[in-house]
Amino acid sequence: MRNYSTLFVIFIVFVLCNNPMFSQQTPSFSEYNFNPFIINSAYAGFENSTEITMSTNGLINQFDGSPRSLVFSANAPLNSDKIGLGGGVLRNQIGVTSITSIFGAYSYKIHFDLKKDRPAWEVFTENVISFGITAGMQFYNDNLLELDIDDDEIFNQNVQATVPTIGAGFLWEKKQFYIGLSSPNLLGSRLAKNDQIQLKNTYYAYSGYRFFTSPFQKVLVKPSILVKYEQGAPMQVDFNTSVTYKNKLEFGIGFRTTSIFNALVGFYAFENLRFIYNYNQAVGNSLLTSTHGIVLSYRFGQGFKNNN
């Protein structure tokens, strides 16, 4: 098993070194559905209260060198419901290559009420458009010397680089429907000083709909879709559906066109705490195997009480 792990790491690094395109791996189904802020700055402050989220994926894998990620983020609205702020730290690792990103985000929201002279007592769902920008740094570390390959000059030194990043996002929500567009890094590797780093722009588009299956509002169904496009790579599409029961338990399934099935289960505790476990299984000829991940979120104020 140890030999297989070493061969896997060397193969991945060899591919990266001969086609040096480094980018953030696509977040798992549970990560971007339950923490859309990590891919879209427009989500900053979109909820009524401050939210802190930690997520990890791939830490319990079958062999060394397989992809692992760790994310910590927080976002909050200001006194005005038009402005949101947030920030985060992301770390992705595969083999001896690690990428650590830090970023801050700002969002501005426009609230629409298409009905004129609405009575103050009338309950309605707002039509909201949010625009976001993000700025940060990405730190690359390729510890090629750990592989102990002496007969290839590609592996005779480590590769390190720091790349500034600037991104933007858009989010529109009307009643139960929402749609988002974003790119965490619009500049790619233009600001990188190391020629070995060729960072491609990554674009996300996602949409979803929330509806109750009965007038008693006990079961909430949330189908969603996410599209990822990156220059030089096949377009990737995620199809997902999750079901929430009484805002206490949640289940979900999904499929990624890179031949990965997803499943999740989670629960809500004390109205402010949410725990999600997700499982990803690669099929077909994929080199990757199953991965496990968790998402832990805490929302202040009323928490997830009205999370619909």
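Residues numbered from 1 in each chain as written. Predicted model: local features only at pLDDT ≥ 70, side-chain atom pairs only at ≥ 80, totals over all residues. Heavy atoms only, no water.

Undergrad: Help me out: how do you make sense of the pattern of salt bridges in this one?
TA: Where charged atoms from two side chains of opposite charge come close, those side chains can pair. Going through the model one piece at a time under the given rule, you end up with six salt bridges. Here arginine 299 makes a salt bridge to glutamate 51, at a shortest N to O gap of 3.0 Å. Taken as a pair, arginine 299 in strand β15 (residues 291-299) and glutamate 51 in strand β1 (residues 51-57) lie far apart in primary sequence, 248 residues in all. Judged on exposure class, the residue arginine 299 and its partner glutamate 51 are both buried. The shortest N-O distance in the salt bridge between glutamate 250 and lysine 222 comes to 2.9 Å. Here the residue glutamate 250 occupies a position in strand β12 (residues 249-256), and lysine 222 occupies one in strand β10 (residues 219-230), the gap between them amounting to 28 residues. (Salt bridge = Lys/Arg side-chain N within 4 Å of Asp/Glu carboxyl O. Helix = DSSP H or I, 4+ residues; strand = E, 2+ residues; numbered from the N terminus. Buried < 20%, exposed > 50% of the residue type's maximum accessible area, 1.4 Å probe, protein only.)

Undergrad: What am I meant to see in the nonpolar core here?
TA: It is characteristic of soluble globular proteins that their nonpolar side chains tend to be buried jointly. Among the nonpolar cores identified, the biggest contains 18 residues, and Phe37, Ile39, Tyr43, Phe46, Leu171, Tyr206 and Leu226 are the most heavily contacted of them. Counting residues per element, the ones that place at least two in this core are β4 (97-112) and β8 (202-209). Once residues lying within four places of it in the same chain are set aside, the contact partners of leucine 171 are Asn40, Ala42, Tyr43, Phe46, Val128, Ile129, Ser130, Ile179, Gly180 and Tyr206. If you look at the next biggest cluster of nonpolar residues, it comprises seven residues, including Phe34, Leu264, Val295 and Phe304. (Core = buried A, V, L, I, M, F, W, Y, C linked by side-chain atoms within 4.5 Å. Contact = heavy atoms within 4.5 Å.)

Undergrad: Just checking my understanding: could you explain a nonpolar patch on the surface for this structure?
TA: Judged by side-chain polarity, Leu78, Leu85, Tyr106, Tyr108, Ile110, Phe112, Phe131 and Ile133 come together as a nonpolar surface patch covering roughly 690 Å² of accessible area. Elements that contribute at least two residues to the nonpolar patch include exactly β4 and β5 (127-142). It is β4 that contributes the most residues to the nonpolar patch, four residues altogether. Relative to the assigned elements, phenylalanine 131 resides in strand β5. (Patch = residues over 30% accessible without salt bridge, like charges linked within 9 Å, V, L, I, M, F, W, Y side chains within 5 Å. Areas by Shrake-Rupley, 256 points an atom, 1.4 Å probe, with all protein chains shown as cover.)

Undergrad: In this structure, what is going on with the side chain of serine 224? I would like to understand it.
TA: Here serine 224 lies in strand β10. A relative accessible area of 12% means that serine 224 is categorised as buried. Of note is the side chain of serine 224, whose polar atom sits 3.4 Å from the side chain of asparagine 33. Not counting residues up to four positions away in its chain, the partners in contact with serine 224 are Asn33, Tyr178, Ser207, Gly208, Asp238, Phe239 and Asn240. (Polar contact = N/O pair within 3.5 Å; in protein donor to acceptor, adjacent residues only side chain to side chain.)

Undergrad: How should I be thinking about the side chain of serine 28 in this particular structure?
TA: Its location among the elements puts serine 28 in the loop between α1 (2-18) and α2 (29-34). Apart from the residues lying within four places of it in its own chain, the contact partners of serine 28 are Asn57, Arg256, Asn278 and Asn280.

Undergrad: Explanation requested: the environment of isoleucine 129 in the structure shown.
TA: On the secondary structure map, isoleucine 129 appears in strand β5. A sequence separation of 41 residues divides isoleucine 129 from phenylalanine 170, and the C-alpha atoms of the two residues are 7.5 Å apart. Excluding residues that lie within four positions of it along the chain, isoleucine 129 makes contacts with Tyr108, Lys109, Ile110, Phe112, Phe170, Leu171 and Trp172.

Undergrad: Can you help me understand unusual backbone geometry in this one?
TA: Phi at asparagine 247 is positive, roughly 55°, even though this residue is not glycine. Within the secondary structure, asparagine 247 is located in the loop between β11 (236-245) and β12.

Undergrad: How should I be thinking about the confidence of the model for the protein chain in this particular structure?
TA: Note: predicted coordinates in regions of low pLDDT should not be interpreted at a detailed level. Overall, the predicted model of the protein chain reaches an average pLDDT of 81, with 74% of residues at or above 70. Residue range residues 1-23 is modelled with pLDDT below 50. Its contacts to residues more than four positions away, or to other chains, number 52 contacts. (pLDDT = per-residue confidence, 0-100.)

Undergrad: Can you walk me through the packing of aromatic side chains in this structure?
TA: Geometrically, a pair of aromatic rings is defined through the distance of the ring centres and the angle of the planes. Counted under the stated rule, the structure contains ten aromatic pairs. Taken together, a centroid distance of 6.1 Å and an interplanar angle of 20° make the contact between tyrosine 43 and phenylalanine 46 stacked. Take tyrosine 43 and phenylalanine 46: they sit in the same class, and that class is buried. Both rings, one in tyrosine 298 and one in phenylalanine 300, keep their centres 5.0 Å apart while their planes meet at 80°; by these two values the pair is edge-to-face. A relative accessible area of 35% means that tyrosine 298 is categorised as partly exposed. With a relative accessible area of 37%, phenylalanine 300 lands in the partly exposed category. (Phe/Tyr/Trp six-rings, centres within 6.5 Å; stacked < 30°, edge-to-face > 60°.)

Undergrad: Sorry if this is basic, but what is going on with the pairing of strand β13 (residues 260-269) here?
TA: For a regular strand, the rule is simple: side chains alternate between the two faces of the sheet. Here β12 runs beside β13; their pairing, made up of eight bridges, is antiparallel. Note that in β13 the partner of arginine 256 across the bridge is isoleucine 260. The sheet contact formed by β13 and strand β14 (residues 273-282) spans ten bridges and is antiparallel. Looking across to β14, one finds that phenylalanine 267 is bridged to phenylalanine 275. (Pairing = 2+ DSSP bridges.)

Undergrad: Explain the environment of serine 49 here, please?
TA: One can find serine 49 in the loop between α2 and β1. Look at serine 49 and you get buried, because its relative accessible area is 16%. Separated by 253 residues in the primary sequence, serine 49 and glutamine 302 place their C-alpha atoms 7.8 Å from one another. Setting aside anything within four residues of it in sequence, one finds serine 49 in contact with Asn75, Pro77, Arg299, Phe300, Gly301 and Gln302. From its side chain, serine 49 meets the backbone oxygen of phenylalanine 300 in a polar contact 3.1 Å long.

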